[in-house]
Amino acid sequence: MRGLLALTVAVAALAGGVACSPERAGSDGVAVEAGSTGPGATPGAGGGSPAPAGGNGPEVCAAAQQATEAAVRTYVAELGAMLGAVGANDSATAEAARGRAEAALAGWRAALRQQSSRATDLQLRTLLADLASEVGMLGTDVEAIDEEELDRLQQRLDQLC
């Protein structure tokens, strides 16, 4: 059960951070349009962190966020149901929950791939494809989930969205 808690925290952090907005606050608190570096800033300046995704980035980020939130809710709920059923020696219910958890992952991966193909911002396109690959490696073995990799990808996504 401790593994489910760790997974829930890692995946919830991933889902919670996929928030996007067409505007972001600059370092001085002034709203900055997505894709710009702020008033008077030089493109590429800013300590090496990427600028928010340009082009259709806000729409793509919002769609990725929606898909992530829905998939994570289902995935975590089904993993909990699966672990509960295993604890109760109910293999039929456990297998059904495992199937639903795997279906949630497949849908999440497909949605991320779809948004990656829609993205006009190359960094966002690449990152969503990377995230889709990482989600594709997730399974129902809570001990095998690479929380550090998910966190690293989430941090990159936070910078773009």
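Structural data are supplied above this passage.
Peer 1: Sorry, what's going on with the pattern of salt bridges here?
Peer 2: Side-chain pairing between opposite charges can occur once the charged atoms of the two side chains come close. In this structure the tally under the stated criterion is three salt bridges. Put simply, Arg98 and Glu95 hold a salt bridge, and the shortest N to O gap is 3.5 Å. With Arg98 and Glu95 both in helix α3 (residues 91-118) and three residues apart, the pair spans about one turn of that helix. A salt bridge links Arg156 to Asp130; the nearest nitrogen and oxygen atoms lie 3.7 Å apart. Linking Arg156 in helix α5 (residues 147-160) with Asp130 in helix α4 (residues 122-137), this pair joins segments that are 26 residues apart in sequence.

Peer 1: Could you clarify how one ought to interpret a negative patch on the surface in this entry?
Peer 2: On the surface, Asp146, Glu147, Glu148 and Asp151 cluster together into a negatively charged patch. With respect to the element layout, Asp146 can be found in the loop between α4 and α5. You can call Asp146 partly exposed: its relative accessible area is 40%.

Peer 1: Whenever I open this one, the environment of Gln65 confuses me. Can you help?
Peer 2: Structurally, Gln65 can be placed in helix α2 (residues 57-87). Through-space distance from the C-alpha of Gln65 to that of Leu112 is 9.3 Å; in sequence the pair is 47 residues apart.

Peer 1: Is there a simple way to explain the state of the cysteines in this structure?
Peer 2: Two cysteines whose sulfur atoms are joined by a covalent bond form what is called a disulfide. Enumeration according to the criterion identifies one disulfide in this entry. Each sulfur of the disulfide joining Cys61 and Cys161 lies 1.9 Å from the other. The sign of the -70 degrees torsion about the S-S bond sets the Cys61-Cys161 disulfide as left-handed. Note that Cys61 is positioned in helix α2 and Cys161 in the segment after α5, a separation of 100 residues in sequence. In this pair, the class of Cys61 matches that of Cys161, namely buried.

Peer 1: Help me out: how do you make sense of the side chain of Glu134 in this one?
Peer 2: The topology assignment puts Glu134 in helix α4. Look at Glu134: it is buried, it has no salt bridge, and the nearest opposite charge is Arg152 at 6.3 Å. Setting aside anything within four residues of it in sequence, one finds Glu134 in contact with Asp146, Glu149, Leu150 and Leu153.

Peer 1: Just to check I follow, could you spell out α4 for this structure?
Peer 2: Each turn of an α-helix holds 3.6 residues, which means side chains three or four residues apart point in the same direction. In this model, α4 (16 residues) spans 23 Å end to end at C-alpha, consistent with the 22 Å of a helix rising 1.5 Å per residue. Sitting at the head of α4, Asp121 places a side-chain oxygen 3.1 Å from the backbone nitrogen of Gln123.

Peer 1: It is not clear to me how α2 should be interpreted in this structure. Could you clarify?
Peer 2: Between its first and last C-alpha, α2 extends 44 Å over 31 residues, near the 45 Å set by a 1.5 Å rise per residue. Taken from the residues just after α2, Asn89 is the one with a positive phi, measuring 55 degrees.

Peer 1: How should I be thinking about unusual backbone geometry in this particular structure?
Peer 2: Glycine aside, residues mostly have negative phi, and peptide bonds are mostly found in the trans state. Phi is positive for Asn89, close to 55 degrees, though the residue is something other than glycine. You can see Asn89 is positioned in the loop between α2 and α3. On the basis of relative accessibility, which here comes to 72%, the residue Asn89 falls in the exposed class.

Peer 1: When you look at the packing of α2 against α3 in this model, what are you seeing that I'm missing?
Peer 2: A pair of packed helices is characterised by two quantities: the angle between their axes and the separation of those axes. Interaxial distance between α2 and α3 falls to 8 Å at its minimum, and their mutual angle equals 165 degrees. Comparing their axes, α3 and α2 come out roughly antiparallel. Every pair of crossing elements has a handedness; the one defined by α2 and α3 is left-handed.

Peer 1: Hey, could you run me through the nonpolar core in this one?
Peer 2: Nonpolar side chains in soluble globular proteins tend to be buried together. Ranked by size, the top nonpolar core spans 33 residues in total, and within it Tyr75, Trp108, Leu112, Leu124, Leu128 and Leu138 carry the most contacts. Mapped onto this core, the elements with two or more residues apiece are α2, α3, α4 and α5. Per-element tally for this core: the top contributor is α2, with ten residues. Ignoring anything within four residues of it in the chain, the contact list for Leu138 reads Tyr75, Leu105, Trp108, Ile145 and Leu150.

Criteria and cut-off values
- Residues numbered from 1 in each chain as written.
- Predicted model: local features only at pLDDT ≥ 70, side-chain atom pairs only at ≥ 80, totals over all residues.
- Heavy atoms only, no water.
- Salt bridge = Lys/Arg side-chain N within 4 Å of Asp/Glu carboxyl O.
- Helix = DSSP H or I, 4+ residues; strand = E, 2+ residues; numbered from the N terminus.
- Patch = residues over 30% accessible without salt bridge, like charges linked within 9 Å, V, L, I, M, F, W, Y side chains within 5 Å.
- Areas by Shrake-Rupley, 256 points an atom, 1.4 Å probe, with all protein chains shown as cover.
- Lys, Arg positive; Asp, Glu negative; His and termini not counted.
- Charge placed at Lys NZ, Arg CZ, Asp CG, Glu CD.
- Buried < 20%, exposed > 50% of the residue type's maximum accessible area, 1.4 Å probe, protein only.
- Disulfide = S-S within 2.5 Å.
- Contact = heavy atoms within 4.5 Å.
- Expected span 1.5 Å × (residues − 1).
- Polar contact = N/O pair within 3.5 Å; in protein donor to acceptor, adjacent residues only side chain to side chain.
- Axes fitted to C-alpha atoms, helices over the stretch in contact; angles between N-to-C directions.
- Parallel < 35°, antiparallel > 145°, perpendicular 65-115°, else oblique.
- Left-handed = near helix turned anticlockwise from the far one by under 90°.
- Core = buried A, V, L, I, M, F, W, Y, C linked by side-chain atoms within 4.5 Å.

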